[in-house]
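Next come the chains, spelled out residue by residue.
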Amino acid sequence: MNKAAVLHIQKSQYAFAYDEQTLRIRLRCAAGDLQRAEIIYAVKYDWLTRRSRRRMKKLRSDGLFDYYEISLHVPDSRIGYLFYLTDGTESYYYSEEGLTKSYDFSKGYYNFFQYPYINDADLHRRVRWCENAVFYQIFVDRFCRGDRNKDASYIDRQWNEPPAQKGFYGGDLKGIIQKLGYLRKLGVNALYLSPVFLSPSNHKYDTVDYGRVDPMFGDKQTLRSLVAEAHRRKMRVVLDAVFNHCSMLCAQFQDVMAKGKESPFYDWFIIRGEKPDPERVNYECFAACNYMPKWNTNNEEVQDFLVNAALGWMRDTGIDGWRLDVADEVSHAFWRKFRREVKRENPQAVLIGESWHDAFAWLQGDQFDGIMNYSFTKACQDYFAFSKMSAQQFCNRLNELLMRNTDQVNEMMLNLLDSHDTERFLTNAGGDVRRLKNALAVMFFYTGMPCIYYGTEIGTEGGYDPDSRRTFDWDKARRETDLSQTVRSLSSLKRKKLRGPLGIAAQGDLLIMQRGGVTLVVNNTSEALTYHADGTESRVAAQSFRILERRNRQ
């Protein structure tokens, strides 16, 4: 037995409360190592008299490790437990003292693992509507212009003209309202909008005023109307919150520029010296952008200012959550306060952090619900677009990602193939729509919330920013294509049938995903392959997928 590979961590993604009376317990070991894994557990105050013993199920494998799991119904959640492991040759007990050949149960209260208590305030509750959410990300300036009477003097580019870094095309909130029917027909039931608040840029990630919708996009009433119209169609709306930094034109930073340390807002930013000097950049900012000074989110006044701005928009418009920009550079203290106040206002508001890496430290129920799953993005690019992985390696990668977090976090991850910050997936795939459709199928089957970047359904291409932010081609959207039909079919399947645990495996060069009685078989090769299951065969054409549904026997 590979003893060094055995791992369990209390109160982590290896031991967590799924709801008020359910504990999920996981154990890691070397791949293919164990013949059997059992858990021995009891209410810890009954340890000596009422222990139970159950076999654990091998849930997943990532190539290096196998992961075993068991779900325990615990009316009394004060649980003590340990493991019994065997590889057919050696057997060990596994407790806080590590692996031992024997175990003194009479002294177990010293060294068994424990889940002390499920406190209601600590429970990471799922946002219920996320279960069947199909998201659509909109870069507002590039989606659709609906207001033909607004001041258009800022518009300096023609629609469908190649994007420029600082170009404006005129997309706005009225344009989104006008296209809600199109989006609903596509199968979308949740919108994630790029920032809409006052800003000098086309992307609006440099906020000047958190209390005002940018006139380029509309006003507060327009945003209210958008949310109301979306809700009428049973669609959710999530806004982008930029709380790591602001525009240097924002009133507070301008006051510090003028008054230096005499400004009441001096400590709202992180400045080295008497006053900010944009040429020397003696203050913290986003990346190397001196025009985007960083908020000091350790400051309680800053925390209150930003939290109140978010709560104000929730109350005024009824939005359904926030995507949190550059979320992993903001203080944990801020996010804990932010979550507490947002969830008090609306427990069903979702909080999605922007993090490109393993974000477990933010995903323990006290900060974010999920993140933009760029690790999933990278895996799909490597497998489908660049052919860098085998089916088994891709399977291993997807399994490993699911083992990073608790089940409820996985269910609230925003899974995407591309975004305004990446190259378009189709461009990375060399324009091969078949590869895009395969990747979309995996995204819709994978645990979490699929997110379509605007224009994906019509085959929009684009390189890195700004080319990934092209305008939406509405003439092209009027023509029915196999790609748009694929998105609609997958959206319908996601909303109606894809529920519960996900199984991921490889059968030779085929990737197999099973969920809710539905099987997805993906062939990412240049030759037709045959899928074998339950004594039947199914032919899968080159660079394509098949969906097989289990029929109930009469």
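Residues numbered from 1 in each chain as written. Predicted model: local features only at pLDDT ≥ 70, side-chain atom pairs only at ≥ 80, totals over all residues. Heavy atoms only, no water.

What follows concerns the overall build of the protein chain. Along its length, the protein chain carries 13 helices and 26 strands. Whereas a compact globule of 554 residues would reach a radius of gyration of roughly 24 Å, the protein chain reaches 26 Å, a difference of no more than 12%. Each principal axis of the C-alpha atoms in the protein chain carries an extent, and together these give about 75 × 60 × 45 Å. Across the 554 residues that make up the protein chain, the buried fraction comes to 58%. (Helix = DSSP H or I, 4+ residues; strand = E, 2+ residues; numbered from the N terminus. Rg over C-alpha atoms; globule rule 2.2 N^0.38 Å. Buried < 20%, exposed > 50% of the residue type's maximum accessible area, 1.4 Å probe, protein only.)

An ideal rise of 1.5 Å per residue puts 20 Å on 14 residues; helix α6 (residues 332–345) measures up with 20 Å between its terminal C-alpha atoms. Where α6 is buried, its residues contact α5 (300–317), β16 (321–324) and β17 (350–353). (Expected span 1.5 Å × (residues − 1). Contact = heavy atoms within 4.5 Å.)

Right, let's talk about the pattern of salt bridges for a bit. A full pass over the atoms with the stated rule returns 44 salt bridges. The shortest N-O distance in the salt bridge between D407 and R26 comes to 2.8 Å. Of the two residues, D407 is situated in helix α9 (residues 407–411) and R26 in strand β2 (residues 22–30); the sequence distance between them amounts to 381 residues. Neither D407 nor R26 differs from the other in exposure class; each is buried. Salt bridges sharing common partners tie together R24, R26, E69 and D407. (Salt bridge = Lys/Arg side-chain N within 4 Å of Asp/Glu carboxyl O.)

This part covers the packing of helix α3 (residues 220–232) against α5. Packing of α3 against α5 leaves a shortest axis separation of 9 Å and a crossing angle of 65 degrees. Between α3 and α5, the residues in contact are K220, L223, R224 and V227 and W313, D316 and T317, respectively. In the contact of α3 with α5, the residues fall into 3 nonpolar, 1 polar and 3 charged. (Axes fitted to C-alpha atoms, helices over the stretch in contact; angles between N-to-C directions. Nonpolar A, V, L, I, M, F, W, Y, C, P; charged D, E, K, R; others polar.)

This part is about the sheet that holds β17. The strand order β11-β12-β15-β16-β17-β18-β19-β20 describes a closed barrel built from 8 strands, whose pairing is parallel. For this sheet, the mean angle separating the axes of adjacent strands, direction not counted, is 25 degrees. Here 4 bridges tie β16 to β17, and the two strands are oriented parallel to one another. Bridge pairing in β17 places W322 opposite L351. (Pairing = 2+ DSSP bridges.)

Judged by nonpolar contacts, the single largest core of 117 residues is most densely connected at Y136, L193, W322 and F338. Other than its neighbours up to four places away in sequence, L193 contacts I138, V140, L173, I176, L226, V237, V238, L239 and D240. Counting 28 residues, the second-largest nonpolar core is a separate cluster that includes Y41, L85, Y115 and L123. (Core = buried A, V, L, I, M, F, W, Y, C linked by side-chain atoms within 4.5 Å.)

Strand order in this open sheet of 4 strands is β1-β2-β6-β5, and the pairing throughout is antiparallel. The open sheet terminates on both sides in strands that have one partner only, identified here as β1 (15–19) and β5 (57–61). Across this sheet, the average inter-strand angle for adjacent strands is 30 degrees, counted without regard to direction.

With a probe scaled to a water molecule rolled over the atoms, the places where space remains empty come into view. For the structure on display, the rule yields 4 cavities of 30 Å³ or more. The space that makes up the largest cavity amounts to roughly 100 Å³. Lining the largest cavity are 14 residues; nearest its centre among them are N373, L401, R404, N405 and M413. Going through the elements one at a time, β18 (370–373) and α8 (391–402) are the ones with two or more residues in the lining of the largest cavity. (1 Å grid on protein atoms, 1.4 Å probe; cavity = no way out; pocket = protein on both sides within 12 Å on 5 of 7 lines; lining within 4 Å. Points joined across faces, edges and corners; volume = space filled by probe spheres on them.)

Inspection of the secondary structure assignment puts T536 in strand β25 (residues 536–540). Judged by its relative accessible area of 47%, T536 is partly exposed.

Right, let's get into the packing of aromatic side chains. Following the criterion strictly, the structure yields 45 aromatic pairs and no others. A cation over an aromatic ring shows up here: R24 above the ring of Y18, its NZ or CZ 4.1 Å from the ring centre. Across from the ring centre of W474, 4.2 Å away, lies the NZ or CZ of K179, which sits over that ring. (Phe/Tyr/Trp six-rings, centres within 6.5 Å; stacked < 30°, edge-to-face > 60°. Lys NZ or Arg CZ within 6 Å of the ring centre and 35° of its normal.)

On to the pairing of β18, then. Relative to β18, β17 runs parallel, the two being bridged by 2 bridges. Considered in β18, the bridge of G353 is made with I371. Summarising the sheet, β18 and strand β19 (residues 414–416) pair through 2 bridges and their orientation is parallel. What sits directly across from N373, in β19, is N415.

This part takes up unusual backbone geometry. Cis geometry marks the peptide bond from D465 to P466; its omega dihedral reads 15 degrees. One non-glycine residue, N160, lies in positive phi territory at about 75 degrees. When you line up the elements, N160 lands in the loop between β11 (135–138) and α1 (173–178). For Q543, which is not a glycine, the phi torsion comes out positive at approximately 45 degrees.

Our focus in this paragraph is the packing of helix α11 (residues 433–445) against helix α13 (residues 482–496). Contact geometry for α11 and α13: axes closest at 10 Å, N-to-C directions at 10 degrees. As the angle between them shows, α11 and α13 are arranged roughly parallel. Residue-level contacts link V433, L436, K437, L440, A441, F444 and F445 of α11 to D482, L483, T486, V487, L490, S491, L493 and K494 of α13. Across the contact of α11 with α13, the residue classes break down as 10 nonpolar, 2 polar and 3 charged. (Parallel < 35°, antiparallel > 145°, perpendicular 65-115°, else oblique.)

Each regular strand shows side chains that alternate between the opposite faces of the sheet. Burial analysis of strand β22 (residues 510–515) places 5 of its 6 residues in the buried class, which makes it a mostly covered element. Note that strand β21 (residues 502–507) and β22 share 6 bridges and pair antiparallel. Paired with Q507 across the bridge in β22 is L510. Bridge analysis of β22 against strand β23 (residues 518–523) gives 6 bridges, and the strand direction is antiparallel. Following the sheet pairing, M513 is matched in β23 by L520. As consecutive antiparallel partners, β22 and β23 are separated by 2 residues, and within that stretch G516 has a phi angle of approximately 60 degrees, a positive value.

Attention now moves to α11. Look at α11: 19 Å from first C-alpha to last across 13 residues, which is about the 18 Å you get at 1.5 Å a residue. By the criterion of burial, α11 is predominantly enclosed, with 11 of the 13 residues buried. Regarding α11, the residues found buried are R435, L436, K437, N438, A439, L440, A441, V442, M443, F444 and F445. Where α11 begins, the capping side chain belongs to D432, and its oxygen is found 3.0 Å from the backbone nitrogen of R434. (Polar contact = N/O pair within 3.5 Å; in protein donor to acceptor, adjacent residues only side chain to side chain.)

Turning our eyes to something else, we now look at the side chain of D382. Inspection of the secondary structure puts D382 in helix α7 (residues 374–385). Those residues within four positions of D382 in sequence are excluded, and the remaining contacts are S387, K388 and M389.

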